[in-house]
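Understanding the architecture of this molecule
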Amino acid sequence: MATTQEQKATPNILNNTTTTTSSWADPLRNRPSVATVISAVDSFSDPPPNTTSTTKGIPVMTRAQTCHPLDPLSAAEISVAVATVRAAGATPEVRDSMRFVEVVLVEPDKQVVALADAYFFPPFQPSLLPRTKGGPLIPTKLPPRKARLVVYNKRSNETSIWIVELREVHAATRGGHHRGKVISSEVVPNVQPPMDAVEYAECEAAVKDFPPFREAMKRRGIEDMDLVMVDAWCVGYHSEADAPSRRLAKPLIFCRTESDCPMENGYARPVEGIHILVDMQNMEILEFEDRKLIPLPPADPLRNYTSGETRGGVDRSDVKPLQIIQPEGPSFRVNGHFIQWQKWNFRIGFTPREGLVIYSVAYIDGSRGRRPVAHRLSFVEMVVPYGDPNDPHYRKNAFDAGEDGLGKNAHSLKKGCDCLGYIKYFDAHFTNFNGGVETIENCVCLHEEDHGILWKHQDWRTGLAEVRRSRRLTVSFICTVANYEYGFFWHFYQDGKIEAEVKLTGILSLGALQPGESRKYGTTIAPGLYAPVHQHFFVARMDMAVDCKPGEAFNQVVEVDVKIEEPGKNNVHNNAFYAEEKLLKSESEAMRDCNPLSARHWIVRNTRTVNRTGQLTGYKLVPGSNCLPMAGSEAKFLRRAAFLKHNLWVTPYVPGEMHPGGEFPNQNPRVGEGLATWVQKNRSLEEADIVLWYVFGITHIPRLEDWPVMPVERIGFMLMVFHSNHMGFSIAPQL
């Protein structure tokens, strides 16, 4: 991922791609004066001789350290990592069979991040590190960056994980050999990694070329295979037949009506009654059966989702232009991936699986200085289970992050951005299945928005009124997974609030009906067409650090419920109610559900810091609308998604605990892997480095108005400043 406006492009001869080099100057040359009293030590690695020099006690690197430890991998780094792993293959056959599912940064220890932010990168924050007698000892350079690669061997059907140290990445831009070093490699048995777009395209071609399939389509009046859409859905895990010993897909079939109408909604004509099982390793059709001839839904005049003007009509002629302008530019400042806005500062990253990641969130609070809120915020998984027990819909329970990758399916906003005003874009770099590097231009959008009234009061005695408008900073990206679009937004407010929002839109996944038929488990939305009921669940992982410096573990979680006072002497008027707190002492106690009837919320509290009233400081997690799975406890998809059984989970921070359903949910036969397994340790949470896992969802009962495309639905939650009186916000929040 690279900033599109602040970095220069140079050719990468290894993969014919574009790599990026930062325009930052050497950060050590602009150190604050505190650096003059720092002794230089090399504690991370053994550098080659003469790599540093010393001027008046200040260690100066001979080559600028251009990448912050949390910056996403550049195109050059991805190229070097891939080349290093490929070169390590034992035989030419092994090397030729390597398919690269994911290449991501190995995120360093929090202490390394603190060191980088304190002395190596602006705005230089020495206060992040604890004070020591004689001044802190720091290395003359940061440890080498590392990449983690998930590699699928197409010949052997094996999945392996590689760790590569990236030492001389700049050599790739000069046409030199790879200069990475393999630190470790491990074959992971009995798993299947996420599917790739290359595989989806190959699967579609294989199905269309299969003679029995072509005959089945002829029975439905379709001979032009260019009209046919084949979506290769993962099989999930329903029985031993879905075991990961084979790489499998069960495609869904759809059909357009016109080959020369690229914006036609092909999902409006599902092809039902055809059963296909595809071996994705060898691209072979393992099973095929034309079980039932269901007529294709008739063409509908609303099948296109292009604007009215392109169809010779008009959408809304009465809408006048609305212009959002910032003639003096934005209020935010961007330095590489470091963002400053109002009293907020944070870093942004991006991964193929999660998409947008927010790092090192802090609030500048007057004389109290930089106050950390969270170390890392992201959406780590989402699950979409369907509620129709009929074939093929009962198998539709996609893990859109773990089986496909939210980041790898992100949009380039170059041609269609949903943001207005002054926008700062960031590019994202990924490996493709064959090991080349691809760039999604303008993948992440950063901009400011007016958000109505923040605060208002009118004095009825004087008639004087005061109103202050709310402005928020929004960081977002949008992805498409087959038919659905998901927009992920992190909003930062001036009153200290952080809001996470997901917008769901796009196209419904539909089913076909026999003439006169209707379905109990869906809504008829057009002749011969119905939309099955389904749910969407999202998992936000929040590595919190409320008023905690790196290395400190002084947070705990309190659940707050509003209780009605029992009738009696304390409630003679029967109007009394109060907020009751309960400390969640362990992981087993912290498996919790939302309760809007008691206004339930949770507070991440610092155990050592107090506010001006003498009470412990904290941030509260305020749920929005939510739900739980509408499924029986023995539902097959819950084998892989046991984390959906509760809205809130809390764990102490452990570096490897990242994916709530396990790293490889595709065809996963193991019950409860991931979050549901970790919490069985029942670790203490009374004073810990807290990680919140908030699961929120929406139950979608499609309406006739949803046809032909989805309106935008919004769900989310808020992290709010907690005040001692539990009442909400002030203009200048005191944590």
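Residues numbered from 1 in each chain as written. Predicted model: local features only at pLDDT ≥ 70, side-chain atom pairs only at ≥ 80, totals over all residues. Heavy atoms only, no water.

1. Considerations on the UniProt feature "modified residue: 2',4',5'-topaquinone" (unreviewed entry) in the protein
Applied cut-off: UniProt positions are given in the numbering used here, feature names are shortened, and annotations may be inferred rather than shown by experiment. In DSSP terms, a helix is any run of H or I states spanning at least four residues, a strand is any run of E spanning at least two, and both are numbered starting from the N terminus. We call two N or O atoms a polar contact when they sit within 3.5 Å, provided that within protein one can donate a hydrogen and the other can accept it, with sequence-adjacent residues counted only if both atoms are side-chain atoms.
In this numbering, the UniProt entry assigns the feature "modified residue: 2',4',5'-topaquinone" (unreviewed entry) to Tyr484. Positionally, tyrosine 484 belongs in strand β27 (residues 484-493). Polar side-chain contacts of tyrosine 484 include one of 3.1 Å to the side chain of histidine 534.

2. Topic: a nonpolar patch on the surface
Applied cut-off: Within the patch definition used here, like charges are joined within 9 Å and nonpolar side chains (Val, Leu, Ile, Met, Phe, Trp, Tyr) within 5 Å, considering only residues with over 30% relative accessible area and no salt bridge. Only the protein chains shown count as cover for residues, with accessible areas throughout obtained via the Shrake-Rupley method and a probe of 1.4 Å. By salt bridge we mean one thing: a side-chain nitrogen of Lys or Arg within 4 Å of a carboxyl oxygen of Asp or Glu. Burial classes follow relative accessibility: with a 1.4 Å probe on protein chains only, a residue under 20% of its type's maximum area counts as buried, one over 50% as exposed, and anything between as partly exposed.
Together, Leu322, Ile324 and Leu420 make up an exposed nonpolar region whose accessible area comes to about 330 Å². Residue placement: leucine 420 occurs in the loop between α6 (400-404) and β24 (424-431). What makes leucine 420 exposed here is its relative accessible area of 51%.

3. Considering the state of the cysteines
The line we're drawing: The definition used for a disulfide is geometric: two cysteine sulfur atoms within 2.5 Å.
With the rule as written, the count across this model stands at one disulfide. Paired through a disulfide, cysteine 419 and cysteine 445 show a sulfur-sulfur distance of 2.4 Å. With cysteine 419 in the loop between α6 and β24 and cysteine 445 in strand β25 (residues 437-458), the pair connects residues that are 26 residues apart, well separated along the chain. When its relative accessible area of 0% is taken as the criterion, cysteine 445 is described as buried.

4. Digging into the sheet that holds strand β31 (residues 529-532)
Where we set the bar: Pairing between strands requires that DSSP locate at least two bridges from one strand to the other.
Sheet architecture is open: three strands sit in the order β29-β31-β30, paired in antiparallel fashion. Each edge of the open sheet is held by one strand with a lone partner, namely β29 (511-512) and β30 (522-526). Bridge count between β30 and β31: four bridges; the pairing is antiparallel. Across the sheet, the residue bridging to threonine 523 is alanine 531, located in β31.

5. Some details on the pattern of salt bridges
Applying the stated criterion to the full structure yields 37 salt bridges. The closest approach of N and O atoms between glutamate 687 and arginine 608, which form a salt bridge, is 2.9 Å. Highlighted residues: glutamate 687 in the loop between α8 (675-678) and β38 (690-700) and arginine 608 in strand β35 (residues 601-610), separated in sequence by 79 residues. The network of salt bridges with shared partners includes Glu559, Asp561, Arg592 and Arg600.

6. Examining the UniProt feature "active site" (unreviewed entry) in the protein
In plain terms, the rule: Residue contacts follow a heavy-atom distance rule, with two residues in contact if any of their heavy atoms lie within 4.5 Å.
What UniProt calls "active site" (unreviewed entry) maps, in this numbering, to Asp400 and Tyr484. The greatest C-alpha distance among the residues just named is 10.3 Å, despite their covering 85 residues of sequence, which places them together in space. With respect to the secondary-structure elements, aspartate 400 resides in helix α6. Setting aside chain neighbours within four positions, we find aspartate 400 in contact with Glu381, Met382, Val384, Gly405, Leu406, Val481 and Tyr486.

7. Digging into the packing of aromatic side chains
For any pair of aromatic rings, the description consists of the separation of the ring centres together with the inter-plane angle of the planes. Heads up, the condition is: Pairing of aromatic rings covers Phe, Tyr and Trp, the last through its six-membered ring, and needs centres within 6.5 Å; plane angles under 30 degrees mean stacked, over 60 mean edge-to-face, and all others mean tilted.
Using the criterion set out here, one finds 19 aromatic pairs in the structure. Ring plane angle 65 degrees and centroid distance 5.3 Å describe the contact between tryptophan 344 and phenylalanine 492, whose orientation is recorded as edge-to-face. With a gap of 148 residues between them, tryptophan 344 in strand β20 (residues 344-351) and phenylalanine 492 in strand β27 connect regions that are remote in the sequence. As far as the burial class goes, tryptophan 344 and phenylalanine 492 line up, both buried. Seen from their ring centres, tyrosine 486 and phenylalanine 538 are 5.9 Å apart, and the 75 degrees between their planes marks the pair as edge-to-face. Residue tyrosine 486 is located in strand β27, and its partner phenylalanine 538 is located in strand β32 (residues 534-544); the two are separated by 52 residues in the primary sequence.

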